[in-house]
Amino acid sequence: MQAPAGPVDGAALRPADPAAARVWDLAATVVDPEVPVVTIEDLGILRSATVTDEGHAVVELTPTYSGCPAMGVLRDDVAAVLTEAGYPQVEVRLVLSPAWTTDWMTEVGKAKLADYGIAPPTGRAAVGHNRTSARLSLAVKCPRCHSLNTREMARFGSTACKAMYVCQDCLEPFDYFKVH
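Here goes a summary of the coordinates provided. Given the structure is predicted, the values throughout are model-derived calculations rather than measurements.

**Considerations on the overall build of the chain**
Turning to step 1, where the next piece is worked out: Scanning the chain from terminus to terminus reveals five helices and seven strands.
Turning to step 2, where the next piece is worked out: Intrachain contacts of the chain at a sequence separation of at least 6 include 56% that bridge at least 24 residues.
Turning to step 3, where the next piece is worked out: With an accessible surface of roughly 9,100 Å², the chain has 54% of that area assigned to carbon and sulfur atoms.

**So, the pattern of salt bridges**
Turning to step 1, where the next piece is worked out: Applying the stated rule across the entire model yields six salt bridges.
Turning to step 2, where the next piece is worked out: With a shortest N-O distance of 3.0 Å, Glu91 and Arg93 are connected by a salt bridge.
Turning to step 3, where the next piece is worked out: A relative accessible area of 36% means that Glu91 is categorised as partly exposed.
Turning to step 4, where the next piece is worked out: With a relative accessible area of 28%, Arg93 lands in the partly exposed category.
Turning to step 5, where the next piece is worked out: Here Arg155 makes a salt bridge to Glu152, at a shortest N to O gap of 3.4 Å.
Turning to step 6, where the next piece is worked out: Accessibility expressed as a relative area gives 40% for Arg155, which makes it partly exposed.
Turning to step 7, where the next piece is worked out: Its relative accessible area of 36% is what places Glu152 among the partly exposed residues.
Turning to step 8, where the next piece is worked out: Ionic contacts of the salt-bridge type, sharing partners, join the residues Glu60, Glu91 and Arg93 into one network.

**Side note on empty space enclosed by the protein**
Turning to step 1, where the next piece is worked out: Inspection of the entire model under this criterion finds one cavity of 30 Å³ or more.
Turning to step 2, where the next piece is worked out: In this structure, the largest cavity encloses a volume near 80 Å³.
Turning to step 3, where the next piece is worked out: As for the largest cavity, its lining consists of Asp32, Glu34, Val35, Leu43, Ile45, Thr64, Cys68, Thr159, Cys161, Lys162 and Phe177.
Turning to step 4, where the next piece is worked out: Along the lines of polarity and charge, the residues of the lining of the largest cavity split into six nonpolar, two polar and three charged.

**Overview of the pairing of strand 3 (residues 90–94)**
Turning to step 1, where the next piece is worked out: Sheet topology places strand 2 (residues 57–61) next to strand 3; five bridges connect them, and they run parallel. Of the residues in strand 3, the one forming a bridge with Glu60 is Arg93.
Turning to step 2, where the next piece is worked out: Each parallel crossover has a hand, and the one from strand 2 via helix 4 (residues 71–84) to strand 3 is right-handed.

**Topic: the side chain of Asp32**
Turning to step 1, where the next piece is worked out: Its place among the elements puts Asp32 in the loop between helix 2 (18–27) and helix 3 (40–43).
Turning to step 2, where the next piece is worked out: Of the side chains with opposite charge, Lys162 comes closest to the buried, unpaired Asp32, at an N-O distance of 6.4 Å.
Turning to step 3, where the next piece is worked out: Polar contacts involving the side chain of Asp32 include one to the main-chain amide nitrogen of Glu34, which spans 2.8 Å.

**Description of helix 4**
Turning to step 1, where the next piece is worked out: With 14 residues, helix 4 extends 20 Å from end C-alpha to end C-alpha; this agrees with the ideal 20 Å at 1.5 Å per step.
Turning to step 2, where the next piece is worked out: The set of residues buried in helix 4 consists of Met71, Leu74, Val78 and Leu82. Each buried residue of helix 4 lies within a common arc of 60° when the element is viewed along its axis, so the set occupies one face. Exposed positions of helix 4 whose direction lies more than 90 degrees from the buried face are Asp76 and Glu84.
Turning to step 3, where the next piece is worked out: For helix 4, the secondary structure elements touched by its buried residues are helix 2, helix 3, strand 2 and strand 3.

**Examining the sheet that holds strand 2**
Turning to step 1, where the next piece is worked out: Reading across from one edge, 1-2-3 is the order of the three strands in this open sheet, with mixed pairing throughout. The open sheet has two edge strands with one neighbour each: strand 1 (46–51) and strand 3. The average undirected angle you get between the axes of adjacent strands in this sheet is 15°.
Turning to step 2, where the next piece is worked out: Strand contacts of helix 2: strand 1 and strand 2, with the helix running at about 135° to strand 1, the strand carrying the most contacts.
Turning to step 3, where the next piece is worked out: Contacts between helix 4 and the sheet are confined to strand 2 and strand 3, with strand 3 contributing the most and set at about 155° to the helix.

Parameters and conventions
- Residues numbered from 1 in each chain as written.
- Predicted model: local features only at pLDDT ≥ 70, side-chain atom pairs only at ≥ 80, totals over all residues.
- Heavy atoms only, no water.
- Helix = DSSP H or I, 4+ residues; strand = E, 2+ residues; numbered from the N terminus.
- Contact = heavy atoms within 4.5 Å.
- Areas by Shrake-Rupley, 256 points an atom, 1.4 Å probe, with all protein chains shown as cover.
- Salt bridge = Lys/Arg side-chain N within 4 Å of Asp/Glu carboxyl O.
- Buried < 20%, exposed > 50% of the residue type's maximum accessible area, 1.4 Å probe, protein only.
- 1 Å grid on protein atoms, 1.4 Å probe; cavity = no way out; pocket = protein on both sides within 12 Å on 5 of 7 lines; lining within 4 Å.
- Points joined across faces, edges and corners; volume = space filled by probe spheres on them.
- Nonpolar A, V, L, I, M, F, W, Y, C, P; charged D, E, K, R; others polar.
- Pairing = 2+ DSSP bridges.
- Right-handed = clockwise from strand over helix to strand, strands pointing away.
- Lys, Arg positive; Asp, Glu negative; His and termini not counted.
- Polar contact = N/O pair within 3.5 Å; in protein donor to acceptor, adjacent residues only side chain to side chain.
- Expected span 1.5 Å × (residues − 1).
- Arc of directions from axis to C-beta.
- Axes fitted to C-alpha atoms, helices over the stretch in contact; angles between N-to-C directions.

Don't take any of this as a statement about function, it's just geometry.
This is the structure in structure tokens:
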């Protein structure tokens, strides 16, 4: 089973089948260990949930990038939630293709990031476009004072998915979840 391609909000991926939907709903409660205010559904890394004929739960996750150190913890957390819910066997698969994009994040997830003090991604990912071409630089809004008068301090912030910015109005540094 391959994860659906393209920018799709997690709610659109939730299975219609009640048994699979229950697995999805349970897995969707797992929070990201690096940003504990967002769930794996909010981030768009929860890609599918099914139940086999034997009643085993199968969940597919797409990491934000192939070397994401949180994936081991997420795999264990999803397995624990489903095992506690009574599934006799749980398989959590990591799916690398198609590659994750910030376009898969939910609007709820982006709002949670901002409330937590992390600027959510701005714009859409350039999926399928030549990334070496000139990029349009979008302003990053400060999650604290909402000023657009910000600047990048470092391309990598607390994790590789984020960049470090500073607001030139309130002078507070903050992480920005990079578009990719």
